[in-house]
Amino acid sequence: MDTVLLHETGIYVFETKNISGAISGSIEQKQWSQIVNSRASHSFYNPVLQNMGHMRALLHKLHVRLEKTPIYSFIVFSDRCTLRLAPVSGTFGRGDDCWRLLHLSELKGVLKESMMKRPSIYHSRQLETWWKELQSCVNVDESVKKSHAESIQRLHHHN
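Below is a short write-up of the structure. Model, not experiment: these values are computed from the prediction.

### Points about the overall build of the chain
So, step 1. The helix and strand tally for the chain stands at four helices and nine strands.
So, step 2. In the chain, the order of α-helices and β-strands from amino to carboxyl end is β-β-β-β-β-α-β-β-β-β-α-α-α.
So, step 3. Within the chain, the proportion of its 159 residues that are buried is 36%.
So, step 4. Within the chain, counting contacts between residues at least 6 apart in sequence, those at least 24 apart form 62% of the total.
So, step 5. About 9900 Å² of surface is accessible on the chain, with carbon and sulfur atoms providing 54% of the total.

In structure tokens:
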């Protein structure tokens, strides 16, 4: 996962896509498409599903259950792309816009609004406990990162 924000209103998980072109895909599709120009197009794993996997792993690491934990997914695209035929937001079986696609330029306002409309439920002690639990995942060796990236590539290109 790219970024995690532990906040008194919940856990915010960010997947960033620094790509350009026209992006399209549906929540049901495993592969989305990026059309750069008339000669260049690429497919990539559905970022909503990708971040859902990140969120499951994060909740497992923190020993908390999805039903009991407010967790929100933000898929942040470069301002250089156009989101066409892509969903904007949705839920994971609960209400409250649990995932959202947006451009980087929208992130600050959307995140601020998102946090302000939610109640504070976590104290600094809980957030610090989680932060300490996640430290072992933060500074990993480059070879581990490379191996992980390669295994993800193999997994999603064979489906």
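So that's the structure; there's more coming.
### Examining the packing of aromatic side chains
So, step 1. The full count for this structure, using the stated rule, is five aromatic pairs.
So, step 2. When the ring centre of Tyr 72 is taken as reference, the NZ or CZ atom of Arg 118 above it lies at 3.6 Å.

### Here's the deal with the side chain of Ser 24
So, step 1. Take Ser 24: it is sitting in strand β3 (residues 21-24).
So, step 2. In terms of polar contacts, Ser 24 uses its side chain to reach the side chain of Ser 33, at 2.9 Å.
So, step 3. Not counting chain neighbours up to four residues away, the residues in contact with Ser 24 comprise Trp 32, Ser 33, Arg 84 and Leu 85.

### Comments concerning the sheet that holds β3
So, step 1. The four strands lie next to each other as β5-β4-β3-β7, forming an open sheet whose pairing is mixed. On the outer flanks of this sheet lie β5 (40-45) and β7 (81-83), each paired with one strand and no other. With direction set aside, neighbouring strand axes in the sheet form an average angle of 25°.
So, step 2. The pairing of strand β4 (residues 31-37) with β5 spans six bridges and is antiparallel. Looking at β5, one finds that Ser 33 is bridged to Ser 43.
So, step 3. Across the sheet, helix α1 (residues 47-62) touches β4 and β5, and the angle it forms with β5 is around 30°.

### Comments concerning unusual backbone geometry
So, step 1. Phi at His 63 takes a positive value of approximately 60°, unusual for a residue other than glycine.
So, step 2. Within the secondary structure, His 63 is located in the loop between α1 and β6 (71-77).
So, step 3. With a relative accessible area of 67%, His 63 lands in the exposed category.

### Some thoughts on the pattern of salt bridges
So, step 1. For the structure on display, the rule yields three salt bridges.
So, step 2. For Glu 15, the salt bridge goes to Lys 17, with nearest N and O atoms at 3.2 Å.
So, step 3. We classify Lys 17 as buried; its relative accessible area is 15%.
So, step 4. Between Lys 132 and Glu 128 there is a salt bridge, and its shortest N-O distance comes to 3.3 Å. Here Glu 128 and Lys 132 lie together in helix α3 (residues 124-138), a separation of four residues that amounts to about one turn.
So, step 5. The exposure class assigned to Glu 128 is partly exposed, which follows from its relative accessible area of 43%.

Parameters and conventions
- Residues numbered from 1 in each chain as written.
- Predicted model: local features only at pLDDT ≥ 70, side-chain atom pairs only at ≥ 80, totals over all residues.
- Heavy atoms only, no water.
- Helix = DSSP H or I, 4+ residues; strand = E, 2+ residues; numbered from the N terminus.
- Buried < 20%, exposed > 50% of the residue type's maximum accessible area, 1.4 Å probe, protein only.
- Contact = heavy atoms within 4.5 Å.
- Areas by Shrake-Rupley, 256 points an atom, 1.4 Å probe, with all protein chains shown as cover.
- Phe/Tyr/Trp six-rings, centres within 6.5 Å; stacked < 30°, edge-to-face > 60°.
- Lys NZ or Arg CZ within 6 Å of the ring centre and 35° of its normal.
- Polar contact = N/O pair within 3.5 Å; in protein donor to acceptor, adjacent residues only side chain to side chain.
- Pairing = 2+ DSSP bridges.
- Axes fitted to C-alpha atoms, helices over the stretch in contact; angles between N-to-C directions.
- Salt bridge = Lys/Arg side-chain N within 4 Å of Asp/Glu carboxyl O.

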